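An overview of the molecular structure
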There are 4 protein chains.
Amino acid sequence: MKLSGVMPPITTPFQDGKLALDQLKMNFQKWNKTGLSGYLVLGSNGEAVYLNEREKIKVVEVSRESIPKSKMMIVGSGMESTQETIRFTNQVANMGADFALVVTPSYFKGSMKPQILYDHFIAVAESSRIGILIYNVPQFTGINMEPELVAKLSEHSNIVGIKDSSGNIGQLSEIIHLSQKGFAVFVGSAPVFFPALCVGAVGGILAVANVVPQESIQIQSLFNKGKIKEAKALQNRLTPLAQAVTTKYGIGGLKMAMDLAGYFGGDPRPPLKRPGKEVEEELKHLLAQLKK
Amino acid sequence: MKLSGVMPPITTPFQDGKLALDQLKMNFQKWNKTGLSGYLVLGSNGEAVYLNEREKIKVVEVSRESIPKSKMMIVGSGMESTQETIRFTNQVANMGADFALVVTPSYFKGSMKPQILYDHFIAVAESSRIGILIYNVPQFTGINMEPELVAKLSEHSNIVGIKDSSGNIGQLSEIIHLSQKGFAVFVGSAPVFFPALCVGAVGGILAVANVVPQESIQIQSLFNKGKIKEAKALQNRLTPLAQAVTTKYGIGGLKMAMDLAGYFGGDPRPPLKRPGKEVEEELKHLLAQLKK
Amino acid sequence: MKLSGVMPPITTPFQDGKLALDQLKMNFQKWNKTGLSGYLVLGSNGEAVYLNEREKIKVVEVSRESIPKSKMMIVGSGMESTQETIRFTNQVANMGADFALVVTPSYFKGSMKPQILYDHFIAVAESSRIGILIYNVPQFTGINMEPELVAKLSEHSNIVGIKDSSGNIGQLSEIIHLSQKGFAVFVGSAPVFFPALCVGAVGGILAVANVVPQESIQIQSLFNKGKIKEAKALQNRLTPLAQAVTTKYGIGGLKMAMDLAGYFGGDPRPPLKRPGKEVEEELKHLLAQLKK
Amino acid sequence: MKLSGVMPPITTPFQDGKLALDQLKMNFQKWNKTGLSGYLVLGSNGEAVYLNEREKIKVVEVSRESIPKSKMMIVGSGMESTQETIRFTNQVANMGADFALVVTPSYFKGSMKPQILYDHFIAVAESSRIGILIYNVPQFTGINMEPELVAKLSEHSNIVGIKDSSGNIGQLSEIIHLSQKGFAVFVGSAPVFFPALCVGAVGGILAVANVVPQESIQIQSLFNKGKIKEAKALQNRLTPLAQAVTTKYGIGGLKMAMDLAGYFGGDPRPPLKRPGKEVEEELKHLLAQLKK
């Protein structure tokens, strides 16, 4: 199994505020028919922060049943505490996760110096039964992983990659250049998927791939075939939708777009909300623009 | 019981990485002999983000046993999800908490618009069996509660106050001026305790009060007696220590200072660390400066 | 002449885009009848960045003629280059300025390390024929002067004070505590004038004092008489207007409020603009609220 | 003359604090022998903020004499005031500038709303005798030009391009996609030169091109020939030097590197400083790494 390609950070479906696991299975059935290389379960877009541990376990179980062995299953397992991160990482490993995605601890921002972050990731890597990927998402954590620090961490055999959602291509480029050969650098921001491929990213873990997996994959396919111009053009058509389902309307917008595209989206958990009618019209329009 | 005065956001003692509840009881015995008006349990400095729910329950139980009825027991009960916040708030209410401190949800920063935050706090207030205080701590959450929003929330009879740890006195002053009469505004940043009292704060929930409760209380006593000059002078002597145990050395520094002052501090949980020898010398010096 | 009290950073009047010096004289005639302790000429609110050197000279000349010897005349003389700052500082000294206000150089933000800033201010102080005040205004410069740096600079006999417009009362308090005795600390943010006096500021250089000098001065008078409660109440009434003429509507709003209060405000220079009718109504309302 | 290719924002040489125009001519003689498509005179790296107007005029004169008609001469002409910007833009136009680079006004950051910026650039474009390029450099100005605003401005026939130094490739990509056909988008940040070319930038205005013009140009040549891998590899070798002469050591570092590479660098003007010996060793090393 090669760490590369396009993966959605899957959303977690709810009905009446409760886990809607059948809907999740249905989404997987559709996604599985595409060229998605795998899935990120319990990521930010999975509303992991709104799930209690019992719910997390259920989501992982259903995902494991639904994901074929030919596709990767990465599970978000990072917690604020090093010890809890290790515990939960091995729990999801035991449940069949292929890799764990470990977010930077971030609550005590002022204390999260490079050495503290280094020690945290090394401790997790040392104790984890599966390979881990670093999750850098400064827009949510307020913490950024500098390229030098990532490069140092990439030397550990059990730290196998990173999802960098900063959107900073200069940083992504440096991470790729400085880190160990074979270290898998995924971009986590769809509007820069094409330039990320240019600088050497192995793939993308992209919210918008929940909605339009084919088009997301197509950018990388075109790029791999050397069809640079076409890849760039498709990126330009994807970008407005990609922004709408992330920075602009958040997970409420993402789930609404999934509903419009034939998946089960549903409502996010409060305090998040489903956007109103005008956003629905805008999303319909953006989907139509992309499909034509 | 009047919401006012000085309270420490109590630290959570660990030994060999496990809860050290006997040490917590000992700390309470000492604190109870001072003029502290109450305690914040499971606050940021209580490393609540590093405790699982079972541990949180134990800390609340021991605190409830240790805190006399004459002193307030406020318990931090905020979670990212509205539903979980309500559940846990009522759980601590059932365990005897006098008030709950509810932090702003913050993971999806871009989505945390004023209306979303308003609805969250109102929903919690509506369902909570005890009065709630808003917890504004932008340095950890990346989210700030604007005075107008706080003022609107202060109209709800079950939203009884705020702990504002922003350190922004202009904002604190506006909150006090705009919010309903009787809304209890606590400052959560010791270096501005004295100016906060000047603009009308009812008290302080201050990390440094874990270490030197008497001196912290003394600032407010002097202020209340109209001894402005003496209050200001004591503030100036307290500030360096207050900064050392927060922004400068974090919870590791706070716990070390507690050890030096005769309380049980111990180590924070990883990824946090206890600082080295030089910091210990600096803290000793700062304590000596304050006491002389 | 004692560095203390309330001073307006005077606006520069324009008519048809040209300096309107007669209008400036008229403003001075009115201001001179109040208890203002002096004036800041060529400050941020004087649109110094929109004046060429010839115009600056004229404004200083007219100000010198209009300001009685009993009131201080501080002139903004800071430039990006150390050499030009020295040159212009001595030029305004020769024209009769009592003190010069020197803003932090800021264009190359990343290079403005503490030592660079220290050397700049010392070089200016060494060569200046008049005492200088440091001007800290991070909202415009993106640079903040840390208390330790200010304290070090306060040891120089020709660096006589600071105007700190950061609005950060904790910082102001530290600056006052750490700097040399007699170092004059002015606050440059009207919404925190009262708390600034509490922590020991000698006065305020306040945009809103262009509009309502009496009320601004009154806050300090009340404070000095120990009428803390009344000072605080007046501050609360002043704050909305003070915010409207700075952060909310900028210099366009400040000049409009001056027109409404019987001074000559006029239009700011483009790209700044005079706000529309609704803002005029709001400002009228705020003035009426303050006056009643 | 086509707006594209690699241009250095030329440094301004000083000796004993005075303009060293002969040294500037010598630099031009060397640069002219390379494939640089033109020059930016009086840019940020030209220390324009440290020059008085008389000095600026001299630098433009000498540049005009030194730059062959086959290469573009762009001159930085932006000021805070709209009126002064127009005046100086036409002055440099009269002196033979091919294009003017107009930086966003930025001092009153809070007031620089999109409409204000739009009106400013339109006013300058309307009155300018030469085509203008927008200069977006948020790291110095604290102001960012959003892609939608740039796109709207690109509709004006006299606004011919932009230098975007934000380093944000997602933004650059959107600007290219949304703006009018033929609008020339230059990247102003060398570490992302290669990805900028991928998303369609026409060239780069790069500080490091003062030092190593050949290597900078080579990245674009390789890219144009479809040698993507080689272009990327050269970018990776250029990046450490590019960072050293900008974010890391500023203009002092840039000028030092020029001295090491056979150009005249000299000292920057105070408050900037020439870095010490260790930086010189580091720069030597970085140059050697790039050349080998």
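For the structure, see preceding data.
The present account deals with the structure reproduced in this document. (Residues numbered from 1 in each chain as written. Chains lettered and ligands numbered in written order. Predicted model: local features only at pLDDT ≥ 70, side-chain atom pairs only at ≥ 80, totals over all residues. Heavy atoms only, no water.)

**Notes on the overall build of chain A**
- In terms of regular secondary structure, chain A is built from 12 helices and 10 strands.
- At 18 Å, chain A has a C-alpha radius of gyration in line with the 19 Å of a compact globule built from 292 residues.
- For chain A, the spread of C-alpha atoms along the three principal axes comes to 50 × 45 × 40 Å.
- Counting every position in chain A, which comprises 292 residues, the buried fraction comes to 66%.
- Contacts in chain A between residues far apart in sequence, at least 24 positions, make up 71% of those at least 6 positions apart.
- For chain A, the separation between the mean place of its 32 positive charges and that of its 25 negative charges on side chains is 6 Å. (Helix = DSSP H or I, 4+ residues; strand = E, 2+ residues; numbered from the N terminus. Rg over C-alpha atoms; globule rule 2.2 N^0.38 Å. Buried < 20%, exposed > 50% of the residue type's maximum accessible area, 1.4 Å probe, protein only. Contact = heavy atoms within 4.5 Å. Lys, Arg positive; Asp, Glu negative; His and termini not counted. Charge placed at Lys NZ, Arg CZ, Asp CG, Glu CD.)

**Here's the deal with the packing of helix α11 (residues 250-260) of chain B against helix α12 (residues 277-291) of chain B**
Residues and elements named next belong to chain B.
- Contact geometry of α11 with α12 gives a least axis separation of 10 Å together with a crossing angle of 60°. Our classification of the angle between α11 and α12 gives oblique. The two elements α11 and α12 cross, and the hand of that crossing is right-handed. On α12, the residues touching Gly253, Met256, Ala257 and Leu260 of α11 are Val279, Glu280, Leu283, Lys284 and Leu287.
- Across the contact of α11 with α12, the residue classes tally to six nonpolar, one polar and two charged. (Axes fitted to C-alpha atoms, helices over the stretch in contact; angles between N-to-C directions. Parallel < 35°, antiparallel > 145°, perpendicular 65-115°, else oblique. Left-handed = near helix turned anticlockwise from the far one by under 90°. Nonpolar A, V, L, I, M, F, W, Y, C, P; charged D, E, K, R; others polar.)

**What about the arrangement of the chains?**
- With no contact formed, the shortest span from any C-alpha in chain A to any C-alpha in chain C equals 17 Å.
- For chain B and chain D, which are not in contact, the least C-alpha distance works out to 18 Å.

**A word on the sheet that holds strand β7 (residues 131-136) of chain A**
All names here are of chain A.
- With parallel pairing, the eight strands of this open sheet are ordered in space as β1-β10-β9-β8-β7-β6-β5-β4. Since the sheet does not close on itself, it has two edges, and those belong to β1 (5-7) and β4 (38-41), each with one partner. Going across the sheet, the axis of each strand differs from the next one's by a mean of 25°, ignoring polarity.
- Inspection of the sheet shows β4 paired to strand β5 (residues 72-76) by four bridges, in the parallel sense. Counted as the bridge partner of Gly38 is Met72 from β5.
- Contacting β7, β8 (159-164) and β9 (184-187), helix α7 (residues 169-178) runs over the sheet at an angle of about 170° to β9. (Pairing = 2+ DSSP bridges.)

**A word on the packing of aromatic side chains**
- With the rule as written, the count across this model stands at 36 aromatic pairs over all chains.
- On the numbers, 5.3 Å between centres and 85° between planes, the contact of Phe108(C) with Phe140(D) is edge-to-face. Remark: Phe140(D) occurs in helix α5 (residues 138-141) and Phe108(C) occurs in the loop between β6 (99-103) and α4 (114-127); the pair is interchain, linking two chains.
- Members of the aromatic cluster, connected to one another through ring pairs, are Phe28(A), Trp31(A), Tyr39(A) and Tyr263(A).
- Above the plane of the ring of Tyr263(C) lies Lys30(C), whose end atom (NZ or CZ) is 5.8 Å from the centre. (Phe/Tyr/Trp six-rings, centres within 6.5 Å; stacked < 30°, edge-to-face > 60°. Lys NZ or Arg CZ within 6 Å of the ring centre and 35° of its normal.)

**So, the environment of Ile143(C)**
Residues and elements named next belong to chain C.
- As for its position among the elements, Ile143 is in the loop between α5 (138-141) and α6 (147-153).
- Relative accessible area serves as the criterion here: at 6%, Ile143 is assigned to the buried category.
- Sequence separation between Ile143 and Thr104 is 39 residues, and the spatial gap between their C-alpha atoms is 7.2 Å.
- Other than its neighbours up to four places away in sequence, Ile143 contacts Thr104, Pro105, Ser106, Lys109, Met112, Leu117, Asn136, Val137 and Pro138.

**What about the relation of the copies chain D and chain C?**
- When chain D is fitted onto chain C, the two copies agree to an RMSD of 0.0 Å after a turn of 180° and an axial shift of 0.0 Å. The two molecules are tied by a two-fold rotation axis, judged by turn and shift. Among all residues of chain D, the one whose C-alpha sits closest to the rotation axis is Gly142(D), at a distance of 3.5 Å.
- When the interface residues of chain D are mapped onto chain C, 100% of them are again interface residues, pointing to one common binding face. (Least-squares fit on C-alpha atoms with pLDDT ≥ 70 in both.)

**Some details on unusual backbone geometry**
Residues and elements named next belong to chain A.
- Pro271 follows Pro270 through a cis peptide bond whose omega is 15°.
- In this structure, Pro271 sits in the loop between α11 (250-260) and α12 (277-291).
- Even without being glycine, Asp16 reaches a positive phi, approximately 50°.
- Within the secondary structure, Asp16 is located in the loop between β2 (14-15) and β3 (18-19).

**Here's the deal with the interface of chain B and chain A**
- Across the contact, 33 residues belong to chain B and 33 residues belong to chain A.
- Buried surface at the junction of chain B and chain A, summed over both partners, amounts to about 2800 Å²; 62% is from carbon and sulfur atoms.
- Where chain B meets chain A, there are two salt bridges.
- A salt bridge links Lys273(A) to Asp119(B); the nearest nitrogen and oxygen atoms lie 2.3 Å apart.
- For the pair chain B and chain A, the interface holds eight residue pairs in polar contact (both at pLDDT 80 or more).
- When residues of the side of chain B that touches chain A are traced back to their parent elements, those giving at least two are α3 (82-94), α4 (114-127), α5 (138-141) and α11 of chain B.
- Split by residue class, the side of chain B that touches chain A holds 14 nonpolar, 12 polar and seven charged. (Buried area = accessible area lost by both parts, 1.4 Å probe. Salt bridge = Lys/Arg side-chain N within 4 Å of Asp/Glu carboxyl O. Polar contact = N/O pair within 3.5 Å; in protein donor to acceptor, adjacent residues only side chain to side chain.)

**Focus on the state of the cysteines**
- The tally for this structure, following the rule as stated, stands at zero disulfides over all chains.
- The thiol sulfur of Cys198(A) is not disulfide-bonded, and the nearest other cysteine sulfur, from Cys198(D), lies at 3.0 Å. (Disulfide = S-S within 2.5 Å.)

**Describing helix α12 (residues 277-291) of chain C**
Residue and element names in this part refer to chain C.
- Between its first and last C-alpha, α12 extends 21 Å over 15 residues, near the 21 Å set by a 1.5 Å rise per residue.
- All of the buried residues along α12 are Val279, Glu280, Leu283, Leu286, Leu287 and Leu290. Projected onto a plane normal to the axis of α12, the buried residues spread over an arc of 125° and lie on a single side. Opposite its buried face, α12 presents the exposed residues Lys277 and Glu278, each directed more than 90 degrees away.
- Considering only its buried residues, α12 is in contact with α9 (213-224), α10 (228-248) and α11 (250-260). (Expected span 1.5 Å × (residues − 1). Arc of directions from axis to C-beta.)

**Looking at the sheet that holds strand β9 (residues 184-187) of chain C**
All names here are of chain C.
- With respect to topology, eight strands assemble into an open sheet ordered β1-β10-β9-β8-β7-β6-β5-β4, the strand pairing being parallel. The open sheet terminates on both sides in strands that have one partner only, identified here as β1 (5-7) and β4 (38-41). Strand-to-strand, the axes of this sheet are offset by a mean angle of 25°, without reference to chain direction.
- Where strand β5 (residues 72-76) lies against β6, three bridges are found, and the strand directions are parallel. In the sheet register, Ile74 faces β6, and the bridge partner there is Phe99.
- Sheet strands in contact with helix α7 (residues 169-178) are β7 (131-136), β8 (159-164) and β9, and its direction is about 170° off that of β9.

**Re the interface of chain D and chain C**
- Residue-level contacts link 33 residues of chain D with 33 residues of chain C.
- A combined buried area of about 2800 Å² lies between chain D and chain C, and 62% of that area is made up of carbon and sulfur atoms.
- For the pair chain D and chain C, the interface holds two salt bridges.
- Counting the contacts that link chain D with chain C gives eight residue pairs in polar contact (both at pLDDT 80 or more).
- Counting only elements with at least two residues in the side of chain D that touches chain C, the list comes to α3 (82-94), α4 (114-127), α5 and α11 (250-260) of chain D.
- When the residues that make up the side of chain D that touches chain C are grouped by side-chain class, the tally is 14 nonpolar, 12 polar and seven charged.

**Quick notes on the side chain of Thr82(D)**
- Among the secondary structure elements, Thr82(D) is positioned in helix α3.
- At a separation of 2.9 Å, a polar atom in the side chain of Thr82(D) contacts the side chain of His120(D).
- Apart from residues lying up to four places away in sequence, Thr82(D) is in contact with Pro270(C), Pro271(C), His120(D), Ala123(D) and Val124(D).

**Topic: the pairing of β8(A)**
Residues and elements named next belong to chain A.
- In terms of residue burial, β8 counts as a mostly covered element, since six of its six residues are buried.
- With four bridges connecting them, β8 and β9 associate as parallel partners. Looking across to β9, one finds that Gly161 is bridged to Ala184.
- Crossover β8 to β9 through α7 is right-handed. (Right-handed = clockwise from strand over helix to strand, strands pointing away.)

**Focus: the relation of the copies chain B and chain A**
- Each copy of the sequence occupies a distinct position, and chain B is placed on chain A by a rotation of 180° and an axial shift of 0.0 Å, giving an RMSD of 0.0 Å.
- Of all interface residues in chain B, 100% are interface residues in chain A too; the two copies therefore contact each other through one and the same surface.

**Observations concerning the packing of helix α1 (residues 21-32) of chain A against helix α2 (residues 53-66) of chain A**
Residue and element names in this part refer to chain A.
- Following both chains from N to C, one finds α1 and α2 inclined at 35°, their axes separated by 10 Å at the closest point. Judged by the sense of rotation from one axis to the other, the crossing of α1 with α2 is right-handed. Taken together, the residues of α2 that come into contact with α1 (itself represented by Leu21, Leu24, Lys25, Phe28 and Asn32) are Lys58, Val59, Val62, Ser63, Glu65 and Ser66.
- Residues of the contact of α1 with α2, tallied by class, amount to five nonpolar, three polar and three charged.

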